[in-house]
Amino acid sequence: MEESSDFRTLKILDRFRPLIARTGADYDVLRLILRVKFQMDQRRVPTILSNNSGKKERKEGNQFLRSLWLYGLMGLMMVPFIVWDTGHFMLQMGLVFGILMFMIMTSMISDFSSVLLDIRDRNIIMTKPVNGRTVGMARAIHAGVYLLLLTGSLTGIPLIAALVTHGIGFFLIFLVELILINMLILVTTSLIYLFMMKFLDGEKLKDMINMVQILLSVGIAIGYQLVIRSFSIIDFGMVFTPAWWQLLLPPLWYAAAYEWLFAGGGNVWIYTFTALAVLVPVVSMIVYVKLMPSFELYLEKMAHSGQSSGRRRGRWDRLISKVVSRSREEQACFRLSASMMRNEREFKLKVYPSLGLSFVLPYVFWFTELQSSTWAEFRQSSFVYTFYIVLMLAVTVVVMLKFSGQYKAFWTFRAAPMANDSALYKGALKAFLCNMFLPIFLANAILFTWTFGLRILPDIAIIMLTATALVPLAGKLLLRKPPFSQSFSMAQQSDGWYVFAALPVLAMLWGVHVFFRSVSGGVWIYGALLIVANVLLWTLLFREKKTAKKRSVAV
């Protein structure tokens, strides 16, 4: 069999054997664990769950590696900032590292946290004479390798642009800082999880981890604005204005080295930022290596789940399902989908961070506008339409509804006496609307109404009707596989591009809303049209087809 790139990765790792051995890890055992993990990553994703059985089976291989070209295209957005010859390296590289750290951190939270918190291998590995530091190091290297591959894909073209535009010195500093950034993100995330696992256990720990992931995503989004606010326009030129709170912004740490070495901007602040860029990742790594056995010990808590209020939530789901669904099949699918969204940890790891982003992004735009206008002027402005950003949540989560960590259990639906999958699709989409989208929507609606006044209530109603019509349409177009029928290992495919394709659609809906708002009585006309659209979309797109033959039960 031809050797894969993962095993070539192990050969590269062999060169660091003395360094790894000094941490107290057994390198031979660690290498064996990594080899098995990388080999498992090459497993073919089962296709027996697909409705279209006539399709060819997917090729064997690591699906994440097959999707790296998408990250390469995303990295193109950083090229203009790198070749931007302004002499203000603090600004342009601060933006580059801000974008880069946002992409890496969100991928770390959504895709690699499950690797760091995976407890399934403990039943096999920890029953053998293997120390916790070896297992922890293998876990960290496993996630780190994929982070480096992702970073390499994102920065491949920007690195070439840096080499051509600014020379070998700029290129080498960029390369070293990319390694430091990956160390910082991987280790600090692990240390945050370790801190939480020390004081929490069971379901409380899992819920708190999801909360921290949401807060990290929100913090990264707000960090964008803080990086921009670090610069002031004086005489039509960008000037860096130091402040103590900038010490909490890692993108500025890594931009400081360029300002020092290439722009001659050395001062106490620049030296401090540069020192933090090196010291914080290195010290964090040392602390993490020391605490690896504790991490593995506390990780055992993830396997123990406390008693939750499942019975009370089950009654609520049963009540809501009877309100929004007619058939008993659809009500059962509603309750199952609601339970999956609420209780499945891997689904929450992937989806919940987007909940936080959808909630906070409108207010990031508010913050920008309030820099140049008064509160009274802002309240009378048209920034109420930033509510449409929340609708991105509908598209993002609908795309993810087909994935599940328990996807193999989907065979039960094939064994059940269901005439078709319409009830499953409608139940899942309605469960998402009632249990995930509407709480976020209503929370934003309260804040928007408090800010802009009661005059926007008709607009809020229009946006809600638009969202409820968008969900079945997105489900029909994007949910090409039955809900919860695919492995999350397939989530790195090109479906993410549909989210970007939804942006012009949302812009068009916003334009239609503005048009009807400018017409006398137009809001009420548009509202009536949206009500009709909702009835037609929910009825026709997932219409139950009558089967010619009824299923017979053998006696």
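Described in the following lines is the structure provided in the data block. (Residues numbered from 1 in each chain as written. Predicted model: local features only at pLDDT ≥ 70, side-chain atom pairs only at ≥ 80, totals over all residues. Heavy atoms only, no water.)

1. Side note on the overall build of the protein
Here's step 1: When you go through the protein residue by residue, the secondary structure sums to 23 helices and two strands.
Here's step 2: Out of the 555 residues in the protein, the part that is buried amounts to 50%.
Here's step 3: Expressed as a percentage of contacts within the protein between residues at least 6 apart in sequence, the contacts between residues at least 24 apart total 79%. (Helix = DSSP H or I, 4+ residues; strand = E, 2+ residues; numbered from the N terminus. Buried < 20%, exposed > 50% of the residue type's maximum accessible area, 1.4 Å probe, protein only. Contact = heavy atoms within 4.5 Å.)

2. Notes on a positive patch on the surface
Here's step 1: Where like charges cluster on the molecular surface, the positive patch consists of Arg 315, Arg 318, Lys 322 and Arg 328.
Here's step 2: Looking at which element gives the most residues to the positive patch, the answer is helix α14 (residues 310-324), with three residues.
Here's step 3: On the secondary structure map, Arg 318 appears in helix α14.
Here's step 4: The exposure class of Arg 318 is partly exposed, given its relative accessible area of 39%. (Patch = residues over 30% accessible without salt bridge, like charges linked within 9 Å, V, L, I, M, F, W, Y side chains within 5 Å. Areas by Shrake-Rupley, 256 points an atom, 1.4 Å probe, with all protein chains shown as cover. Salt bridge = Lys/Arg side-chain N within 4 Å of Asp/Glu carboxyl O. Lys, Arg positive; Asp, Glu negative; His and termini not counted. Charge placed at Lys NZ, Arg CZ, Asp CG, Glu CD.)

3. What about the nonpolar core?
Here's step 1: Formed by 76 residues in total, the largest nonpolar core has its most connected members in Leu 30 and Phe 174.
Here's step 2: Residue assignment for this core shows that the elements contributing at least two residues are α1 (5-14), α3 (27-41), α5 (68-74), α7 (89-116), α9 (132-166), α10 (168-199), α12 (250-262) and α13 (268-299).
Here's step 3: Here this core gets 15 residues from one element, more than from any other, and that element is α10.
Here's step 4: Beyond its immediate sequence surroundings of up to four residues, Phe 174 is in contact with Ile 82, Val 96, Phe 97, Pro 158, Leu 159, Ala 162 and Tyr 258.
Here's step 5: Grouped together as the second largest cluster of nonpolar side chains are 61 residues, Leu 391, Met 392, Tyr 425 and Trp 538 included. (Core = buried A, V, L, I, M, F, W, Y, C linked by side-chain atoms within 4.5 Å.)

4. Some remarks on α9
Here's step 1: For α9, with 35 residues, the first-to-last C-alpha span of 45 Å runs short of the 51 Å given by 1.5 Å per residue.
Here's step 2: Taken as a whole, α9 carries its principal kink of about 50 degrees at Thr 155; the proline Pro 158 stands between one and four residues after it. (Expected span 1.5 Å × (residues − 1). Bend = angle between axes of the 7 residues up to and from the residue.)

5. Things to note about the packing of aromatic side chains
Here's step 1: Applying the stated criterion across every chain yields a total of 25 aromatic pairs.
Here's step 2: Ring plane angle 35 degrees and centroid distance 5.7 Å describe the contact between Phe 437 and Phe 441, whose orientation is recorded as tilted. Of this pair, Phe 437 and Phe 441 both sit in helix α20 (residues 422-452), four residues apart, roughly one helical turn.
Here's step 3: Taken together, a centroid distance of 5.9 Å and an interplanar angle of 40 degrees make the contact between Phe 448 and Phe 452 tilted. You can see Phe 448 and its partner Phe 452 sitting in helix α20, four residues apart, about one turn around the helix.
Here's step 4: Among the aromatic residues, ring-to-ring pairing joins Tyr 363, Trp 366, Trp 375, Phe 378, Phe 383, Phe 387, Phe 432, Phe 437, Phe 441, Phe 448, Trp 450 and Phe 452 into one connected group. (Phe/Tyr/Trp six-rings, centres within 6.5 Å; stacked < 30°, edge-to-face > 60°.)

This is a description of form; function is not addressed.
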